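Inside the fold
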2 protein chains.
Amino acid sequence: MMATIREVAARARVSVGTVSNVLSGAVPVSKRLRERVLAVVQELDYQPNQLAQSLKSRQTKMIGMVIRDITHPLFAPMMRGAQDAAWLQNYLLVMLDSDRQLEREQQILAALRTRRVDGILLAATGIEQAHVRAICEAGIPVVCLERELPGLGIDCVIADHFEGARKCVAHLAACGNRSIAFLHGDTSDWIERERFGGYRQGLEDAGVEFDQSLQAGDHSGSDEGYRAAAALLDRRPRPAAILAADATVAAGLLRAVRDRGLRCPHDITIAAFDDPFSCDVLRPRITAVSQPSYHMGSKAMEILLKRIQDPDRRRSTVTLETELHVRESSACSAAGSGAA
Amino acid sequence: MMATIREVAARARVSVGTVSNVLSGAVPVSKRLRERVLAVVQELDYQPNQLAQSLKSRQTKMIGMVIRDITHPLFAPMMRGAQDAAWLQNYLLVMLDSDRQLEREQQILAALRTRRVDGILLAATGIEQAHVRAICEAGIPVVCLERELPGLGIDCVIADHFEGARKCVAHLAACGNRSIAFLHGDTSDWIERERFGGYRQGLEDAGVEFDQSLQAGDHSGSDEGYRAAAALLDRRPRPAAILAADATVAAGLLRAVRDRGLRCPHDITIAAFDDPFSCDVLRPRITAVSQPSYHMGSKAMEILLKRIQDPDRRRSTVTLETELHVRESSACSAAGSGAA
DNA sequence: CTGAAAGCGCTTACAG
DNA sequence: CTGAAAGCGCTTACAG
């Protein structure tokens, strides 16, 4: 169906080597032959078979990106960033969705390996598992997104959750909120712990004493968040502000606020991580600390491509700043009612 | 770095053919040799090079899916559906995002072609362009999602927008709404015209005369929707219900409703296409006619794989039913206040 | 400048 | 059952 280099060569009455030389440009070819070859290429709509090229050159110019959950809004910009950075250097980014299933993730990694992708970007789940180790040991460069990986000696790109939380608390405090509660998500997660650490730092910076009774929750999930938020909201005196540690508990928080007929920010100030409600039509819009997803994706790709160039490069972890989006849910005169 | 079949053969003291036979299972191999081979395979963590396999077998077991805008919520379930259907038949689905840029789409298609994917799923933009034709002529099976393609003779999977609109209007009418307005999106788009057609059919079914003054708008976009919706809302008497033709004008509609302090569904009933605000925390939740994205993806993949098996198969267009999600924005006693 | 040949890592008839 | 050989579609020294 598709023309091969041999057919092109035959039709142009040259050797296949010459066709290859014309196309690659690596070796000079006389104008006469070059034009004859190009004419035939055009005529046959010849496209070199990259499989064969890759077999020789030992590179596929293809990067795989494994996404834990393609429906999660965090990842769309990340994929964009990675893809844009890949194009700049003539790599094709292929995206795979593991749907939070470890087994699928494993199959995907195996499939990428057997197809000899030049590198892999991991925004996945089971990143500490043996199958990732196998990939690394097979010599395929890997860059991990979102969290650091212990032991595998691979590059990572993460967001500065600690500092993000600190900045957010500073903002809340600057608005005059003294009793600032923390609505926990999954407390066993590194990211959550960083955020909590930054929260405490923020309190300290603001000269507010940490109050154990202003903490609630220890699991992710909208219902979990709802229950924990209810406990905080029903406390007397009610906290002035609540910082939700992840998007799922923030959703629960919002429901709890509404169920009580509380108005935000009038009765309660709210902020959350991960910009949970990208939904523009929601009112009030929620103040959020978001990860720089696009930048994380592009940065990770840049690092990956550098490592492909130079496998002995020093391993690095890049920490990128989060962004604080001040919106109506924490509006106050001190900070401006900044609707972005 | 990665072991080759030759190294395995040498180490197991057999021929490469024998290794291949053991691994493929196509030809019986004595137990003794098989075990020796498998032991070495294990020891070296040998993974066959799919590039070489594909070169021989002329199939890559890889399907490419081109997505117009990976950030658009419509596509996530579609990708999931396609991926699940692909795995079932041992194909790897790779997803590519064209970011609504025709040039990028073109590059992606070229990249997929040169990598000899076995088939392509298209949820793209410039599908009438020459570069798609080139793909088809190169003999790569293509299935198109969302809308039919003229002339190329390829399979398509689309949603029944006409019937979706008709059902929705039937619901609105059953709730007692007589004056049902239509907020147009991009009137040059086939999908929009289908929806409008279904709307008119629905009115007719309900015995309501079509009223030209209950139409507004002719472009997509939140601001465009806002303006057109404002015109409808400021009309006296105000329409009882408004059906928004796409997600962007629906967003504008919502803003216009709020700006006027109108309460929904008390003052006005609202419904929209494409389930625009997946955002669970939005109140009221909006009644919506959604495309069966997951099913569209899986169906398209099934058709594609069938065509790969049998290139001479009869061309088909599959039309799938939309889903009507009745929610608070159109709550009424007649239809139940059905929060799904 | 141009062509013949070897080789990338596999699979698959074909002998033995 | 097993191995030697040809071939998938390319690229790249190496002669000429």
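Residues numbered from 1 in each chain as written. Chains lettered and ligands numbered in written order. Predicted model: local features only at pLDDT ≥ 70, side-chain atom pairs only at ≥ 80, totals over all residues. Heavy atoms only, no water.

**Considerations on the relation of the copies chain A and chain B**
As a reminder, the rule being used: Least-squares superposition aligns the copies on the C-alpha atoms of those residues with pLDDT at or above 70 in both.
The two copies are related by a screw motion: chain A maps onto chain B through a turn of 180° and a shift of 0.0 Å along the axis, at an RMSD of 0.0 Å. Here the symmetry operator amounts to a two-fold rotation axis.

**Some words on the nonpolar core**
When a protein is soluble and globular, its nonpolar side chains tend to lie buried together. This is how the line gets drawn: Put simply, a nonpolar core is a bunch of buried Ala, Val, Leu, Ile, Met, Phe, Trp, Tyr and Cys residues held in one set by side-chain atoms that sit within 4.5 Å of each other. Categorising residues by exposure relies on relative accessible area from a 1.4 Å probe, with only protein chains included: less than 20% of the type maximum marks a residue as buried, more than 50% marks it as exposed, and the intermediate range marks it as partly exposed. Pairs of residues are marked as contacts when any of their non-hydrogen atoms sit within 4.5 Å.
Core analysis: the biggest nonpolar cluster contains 59 residues, and M65(A), M301(A), M65(B) and M301(B) have the highest contact counts within it. In contact with M301(A), not counting residues within four places along its chain, are I63(A), A82(A), A85(A), A86(A), L93(A) and L121(A). The next biggest cluster of nonpolar side chains, apart from the first, holds 50 residues, and it includes A250(A), V257(A), C264(A) and A272(A).

**A word on the packing of helix α6 (residues 102–114) of chain A against helix α5 (residues 75–88) of chain B**
The following threshold applies: Between the N-to-C directions of two axes lies an angle of 0 to 180 degrees, each axis being a line fitted to C-alpha atoms and, for a helix, fitted only over the stretch in contact. Elements are defined by DSSP. Helices are runs of H or I of four residues or more, strands are runs of E of two residues or more, and each kind is numbered from the N terminus. Roughly parallel here means an angle under 35 degrees, roughly antiparallel means over 145, roughly perpendicular means 65 to 115, and every remaining angle is called oblique. Under the scheme applied, nonpolar residues are Ala, Val, Leu, Ile, Met, Phe, Trp, Tyr, Cys and Pro; charged residues are Asp, Glu, Lys and Arg; polar residues are all the others, including Gly.
Where α6(A) meets α5(B), the closest approach of the two axes is 13 Å, and the angle between their N-to-C directions is 70°. Taken as axis vectors, α6(A) and α5(B) run roughly perpendicular relative to one another. Of α5(B), the residues touching α6(A) (which contributes R104(A), Q107(A) and I108(A)) are Q83(B), D84(B) and W87(B). Residue classes in the contact of α6(A) with α5(B) are distributed as 2 nonpolar, 2 polar and 2 charged.

**Description of the environment of S24(A)**
Residue and element names in this part refer to chain A. This is how the line gets drawn: The term polar contact refers here to a pair of N or O atoms within 3.5 Å; inside protein, the definition further demands a hydrogen-donor-capable atom paired with an acceptor-capable atom, and it admits residues adjacent in sequence only when both atoms are side-chain atoms.
Along the chain, S24 turns up in helix α2 (residues 16–24). Assessed through its relative accessible area of 49%, S24 is described here as partly exposed. A polar contact is formed between the side chain of S24 and the backbone nitrogen of A26, at a distance of 3.1 Å.

**Topic: the interface of chain A and chain B**
Short version of the rule: Defined in terms of a 1.4 Å probe, buried area is the accessible area two parts forfeit on being brought together, summed over both. We count a salt bridge whenever a side-chain nitrogen from Lys or Arg sits within 4 Å of a carboxyl oxygen from Asp or Glu.
Between chain A and chain B, the contact holds 52 residues from the first and 52 residues from the second. Both sides of the chain A and chain B interface together cover about 5,000 Å² of buried area, and 61% of this is carbon and sulfur. Measuring nitrogen to oxygen at the nearest pair gives 3.0 Å for the salt bridge that ties R113(A) to D45(B). Along the contact surface separating chain A from chain B lie 23 residue pairs in polar contact (both at pLDDT 80 or more). Those elements that provide at least two residues to the side of chain A that touches chain B are α4 (50–57), α5 (75–88), β2 (92–97), α6 and α11 (247–259) of chain A. No other element matches α6(A), which puts 7 residues into the side of chain A that touches chain B. Residue composition of the side of chain A that touches chain B, by class: 29 nonpolar, 10 polar and 13 charged.

**A word on the protein's contact with DNA strand D**
Here is the rule we go by: Working definition: residue near molecule or strand if any one of its non-hydrogen atoms lies within 4 Å of it.
Close to DNA strand D lie 24 residues, the nearest being I5(A), S20(A), S30(B), K56(B) and R58(B). Of what DNA strand D places within 4 Å of the protein, 79% of the atoms are sugar or phosphate. One nitrogen or oxygen atom from the main chain of N49(A) is found 2.9 Å from a phosphate oxygen belonging to DNA strand D. Here T18(B) contributes a side-chain N or O atom positioned 2.8 Å from a phosphate oxygen of DNA strand D. Breaking the surface near DNA strand D down by element, the ones donating at least two residues are α1 (5–12), α2 and α4 of chain A together with α4 (50–57) of chain B. Here the surface near DNA strand D is composed, by residue class, of 10 nonpolar, 10 polar and 4 charged.

**Re the protein's contact with DNA strand C**
Near DNA strand C lie 24 residues; those nearest to it are S30(A), K56(A), R58(A), I5(B) and S20(B). A distance of 2.5 Å is found between a phosphate oxygen of DNA strand C and a backbone nitrogen or oxygen belonging to I5(B). One nitrogen or oxygen atom from the side chain of Y46(B) is found 2.9 Å from a phosphate oxygen belonging to DNA strand C. Of all elements in the fold, only α4 of chain A together with α1 (5–12), α2 (16–24) and α4 of chain B reach the threshold of two or more residues within the surface near DNA strand C. Classifying every residue of the surface near DNA strand C by side-chain character gives 10 nonpolar, 10 polar and 4 charged.

**Concerning the domain arrangement of chain A**
This is how it is decided: Each domain span listed reflects an automatic or database assignment of domains.
Along its sequence, chain A is organised into domain 1 (5–48), domain 2 (61–159 + 292–321) and domain 3 (161–291 + 325–330). With centres defined by C-alpha atoms, the gap from domain 1 of chain A to domain 3 of chain A works out at 65 Å.

**Examining unusual backbone geometry**
At the junction of R236(A) and P237(A), the peptide bond is cis and its omega measures out at -5° in the coordinates. Note on placement: P237(A) falls in the loop between α10 (222–233) and β8 (241–244). Put simply, C264(B) and P265(B) share a cis peptide bond, and its omega is 10°. Residue placement: P265(B) occurs in the loop between α11 (247–259) and β9 (269–273).

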